[in-house]
Amino acid sequence: MTTAYDIKDASLKDAGVGRILWAERSMPVLRAIRERFEKEKPLEGMKIAACLHVTTETANLARTLQAGGAHVRLCASNPLSTQDETAAALALEYGIDTFAVRGAERDHYYQHIDSALTFGDEGPDITMDDGADLVSQLHSKRTNLLDGVLAGTEETTTGVIRLRSMTADGALKYPIIAVNDADTKHFFDNRYGTGQSTLDGILRATNILLAGMDVVIAGYGWCGRGLADRARGMGARVIITEIEPVRALQAHMDGFTVLPMAEAAKIGDVFVTLTGDKHVLRKEHFEAMKDGAILCNSGHFDVEIDIPTLEEMASEHRTPKPLIDEYVLSGGRSIFLLAQGRLVNLSAAEGHPASVMDMSFANQALSSEWLVKNAEGMEPQVLSVPKEIDRDVARLKLECMGVRIDTLTAEQEKYLSSWEEGT
Ligand SMILES: NC(=O)c1ccc[n+]([C@@H]2O[C@H](COP(=O)([O-])OP(=O)(O)OC[C@H]3O[C@@H](n4cnc5c(N)ncnc54)[C@H](O)[C@@H]3O)[C@@H](O)[C@H]2O)c1
């Protein structure tokens, strides 16, 4: 079968292969799964439509699914996160149908989603999504393909929230596993992965010194607390904004300053949104900000900062450096926006390190295998990753890292399952 693709530049293939193999070195769990899949072919004959950030780590997931016998069609889950060399290598070296061009306009982005969904006259058996754009397209514009779909998986918090809304509206037509909710996903990927790579994106775009700066972080969820710890570690004074009392209390007791955004806006040098919410930074905040304030987002969609209003408020717009937009506001104050408000870690850096994506994508691969065995006839619903998969991923990761743990003695097992023994 010939490989179908729409990529930026075929000549980038070799650069892409080198980078994919470099990432693979830090993905031993996924590699072990790929080796098993090659022998057992658990996904034989499955058509998988995947809408994921087209990065080196995703390339290793696609290779794993292909090794399991699946026909994978891959498109990007964000127009700015595609690595063009990775897309070239996927299509031209690994024979994976790939539709992804960095910087694609909206229509082109949705054409790519349509291409990923279309297997000749048929649709996919399994969907694999990051943010639920593919699932949403399938349920709204490509409903003719819905009948044959067995099941799906979803990678991120925002996607899971959208799927739960679809379930509540009775709109979801097949079961989908919330990979994000696996402990071996969000404890590590969202926290350590987003924490580190968001700083990486900010630094690569700006080369600022964080030490001594006031960094305002909106949202103290898994991603926000990972970033807050790391920013503090680099010498920044960190301010948290929240809308949820328990999370705000956690931030306070973790030693951060907690303020409403209206107050924080006057103080911050750098603002990062990680909420999954809309217009967290808006007109009243832009009006209060200091000259030189830097704004960016690491939440899934580019709606967390009200960019249209910022554009309207600006008397001048300049691009001092790639990935930095300068908006000159009244009184000559400049506000700088990074990566057009899209995920800064994937747009200005390379996304999460491979060693953390190893666990997220091990969950994806094993969840697909589980769905092939178990999803037939299941009601449409958002499912959890089976606990045994979560534990297997943690066990394999520990083994690969050479970390050993204890096991319960027979006496402890008995004690922990009994109620008679007390004071
Ligand atoms: N950049 C990446 O690579 C990456 C990786 C994983 C997740 N994400 C995305 O990051 C976002 C956050 O994910 P998470 O796992 O931390 O979610 P989470 O639900 O654990 O945390 C989000 C937090 O934001 C808070 N919040 C909501 N609206 C707010 C507002 N107006 N002001 C201040 N706080 C507000 C919530 O109370 C919550 O505590 C999601 O969009 C997710 O999809 C991005």
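Look up a bit, the structure's there.
Note that this is a predicted model, so its numbers are computed, not measured. (Residues numbered from 1 in each chain as written. Predicted model: local features only at pLDDT ≥ 70, side-chain atom pairs only at ≥ 80, totals over all residues. Heavy atoms only, no water.)

Novice: Could you clarify how one ought to interpret the overall build of the chain in this entry?
Specialist: Helix and strand content of the chain: 17 helices and 16 strands. Once the C-alpha set of the chain is aligned to its principal axes, its extents read approximately 70 × 65 × 45 Å. Residue burial in the chain is summarised as follows: out of 423 residues, 55% are buried. For the chain, the share of sequence-separated contacts (at least 6 apart) that also reach a separation of at least 24 residues comes to 72%. (Helix = DSSP H or I, 4+ residues; strand = E, 2+ residues; numbered from the N terminus. Buried < 20%, exposed > 50% of the residue type's maximum accessible area, 1.4 Å probe, protein only. Contact = heavy atoms within 4.5 Å.)

Novice: Could you clarify how one ought to interpret the nonpolar core in this entry?
Specialist: Buried together is how nonpolar side chains tend to be arranged in soluble globular proteins. Within the largest apolar cluster, 52 residues are counted, with the highest numbers of intra-cluster contacts made by Ile-48, Leu-61 and Leu-65. Top contributing element to this core by residue count: helix H15 (residues 354–374), with nine residues. Residues Leu-227, Ile-294, Phe-336 and Val-344 belong to the second largest nonpolar core, which totals 27 residues. (Core = buried A, V, L, I, M, F, W, Y, C linked by side-chain atoms within 4.5 Å.)

Novice: Would you mind showing me how to read the pairing of strand S14 (residues 324–328) here?
Specialist: The side chains of a regular strand alternate, first on one face of the sheet and then on the other. Taken across its five residues, S14 has five buried, putting it largely inside the fold. With four bridges joining them, strand S13 (residues 316–321) and S14 adopt antiparallel strand pairing. Its bridge partner lying in S14, His-317 is registered against Tyr-327. Between the antiparallel neighbours S13 and S14 lie two residues, among them Leu-323 with a positive phi of about 75°. Where S14 lies against strand S15 (residues 334–338), five bridges are found, and the strand directions are antiparallel. The residue bridging Val-328 from the neighbouring strand is Ser-334, located in S15. Where S14 hands over to S15, the hairpin turn is made up of five residues, of which Gly-331 adopts a positive phi near 80°. (Pairing = 2+ DSSP bridges.)

Novice: Help me out: how do you make sense of the pattern of salt bridges in this one?
Specialist: Where charged atoms of side chains with opposite charge meet at close range, the side chains can pair. According to the stated counting rule, one finds 33 salt bridges in the structure shown. The closest approach of N and O atoms between Glu-316 and Arg-318, which form a salt bridge, is 2.6 Å. Close ionic contact of Arg-395 with Glu-399 constitutes a salt bridge, the shortest N to O distance being 3.2 Å. A residue pair is termed a helical-turn pair when its members lie 3 or 4 positions apart in one helix, as Arg-395 and Glu-399 do in helix H16 (residues 387–401) at four residues. (Salt bridge = Lys/Arg side-chain N within 4 Å of Asp/Glu carboxyl O.)

Novice: Any chance you could explain H16 here in plain terms?
Specialist: Residues three or four positions apart in an α-helix share a direction because the helix packs 3.6 residues into each turn. For H16, built from 15 residues, the straight-helix expectation of 21 Å at 1.5 Å per residue is met to within 8% by its first-to-last C-alpha distance of 21 Å. For H16, the complete set of buried residues consists of Ile-389, Asp-390, Val-393 and Lys-397. Looking straight down H16, one finds its buried side chains confined to an arc of 105°; they lie on one side. Residues Arg-391 and Glu-399 are exposed on H16 and point more than 90 degrees away from its buried face. (Expected span 1.5 Å × (residues − 1). Arc of directions from axis to C-beta.)

Novice: Hey, could you run me through the state of the cysteines in this one?
Specialist: The tally for this structure, following the rule as stated, stands at zero disulfides. Cys-75 takes part in no disulfide bond, and the closest cysteine sulfur to it belongs to Cys-51, at a distance of 3.8 Å. Note on Cys-75: relative accessible area 0%, which makes it buried. Distance from the sulfur of Cys-296, which forms no disulfide, to the nearest cysteine sulfur (Cys-223) is 13 Å. On the basis of relative accessibility, which here comes to 0%, the residue Cys-296 falls in the buried class. (Disulfide = S-S within 2.5 Å.)

Novice: Would you mind going over the site of the ligand with me for this structure?
Specialist: The full set close to the ligand counts 26 residues, and Thr-156, Thr-157, Thr-158, Glu-242 and Arg-247 are the nearest of them. Between the ligand and Ser-298 there is a distance of 2.8 Å, counted from a nitrogen atom to a backbone nitrogen or oxygen. Here an oxygen atom of the ligand sits 3.2 Å away from a polar atom, N or O, in the side chain of His-352. Across the complex, the protein chains shield 88% of the 850 Å² of accessible surface that the ligand would expose by itself. Among the secondary structure elements, those contributing two or more residues to the shell around the ligand are helix H7 (157–168), helix H8 (183–206), helix H9 (222–233) and helix H14 (344–347). Taken together, the residues that form the shell around the ligand break down as seven nonpolar, 15 polar and four charged. (Near = heavy atom within 4 Å. Polar contact = N/O pair within 3.5 Å; in protein donor to acceptor, adjacent residues only side chain to side chain. Areas by Shrake-Rupley, 256 points an atom, 1.4 Å probe, with all protein chains shown as cover. Nonpolar A, V, L, I, M, F, W, Y, C, P; charged D, E, K, R; others polar.)

Novice: How should I be thinking about the sheet that holds strand S12 (residues 293–297) in this particular structure?
Specialist: Spatially, the eight strands line up as an open sheet ordered S10-S9-S8-S11-S12-S15-S14-S13, and their pairing is mixed. Looking at strand neighbours, the two that pair on one side only are strand S10 (257–258) and S13, the edges of this open sheet. Two elements, strand S9 (residues 237–241) and S10, share two bridges in a ladder whose sense is parallel. Residue pairing across strands places Ile-240 opposite Val-258, the latter belonging to S10.

Novice: What is the right way to look at unusual backbone geometry in this model?
Specialist: Most peptide bonds are trans, and most residues other than glycine sit at a negative phi. Although it is not a glycine, Ala-132 adopts a positive phi angle of roughly 70°. In this structure, Ala-132 sits in the loop between strand S5 (126–129) and helix H6 (133–140). Its relative accessible area of 2% is what places Ala-132 among the buried residues. Although it is not a glycine, Gln-340 adopts a positive phi angle of roughly 55°. You can see Gln-340 is positioned in the loop between S15 and H14.

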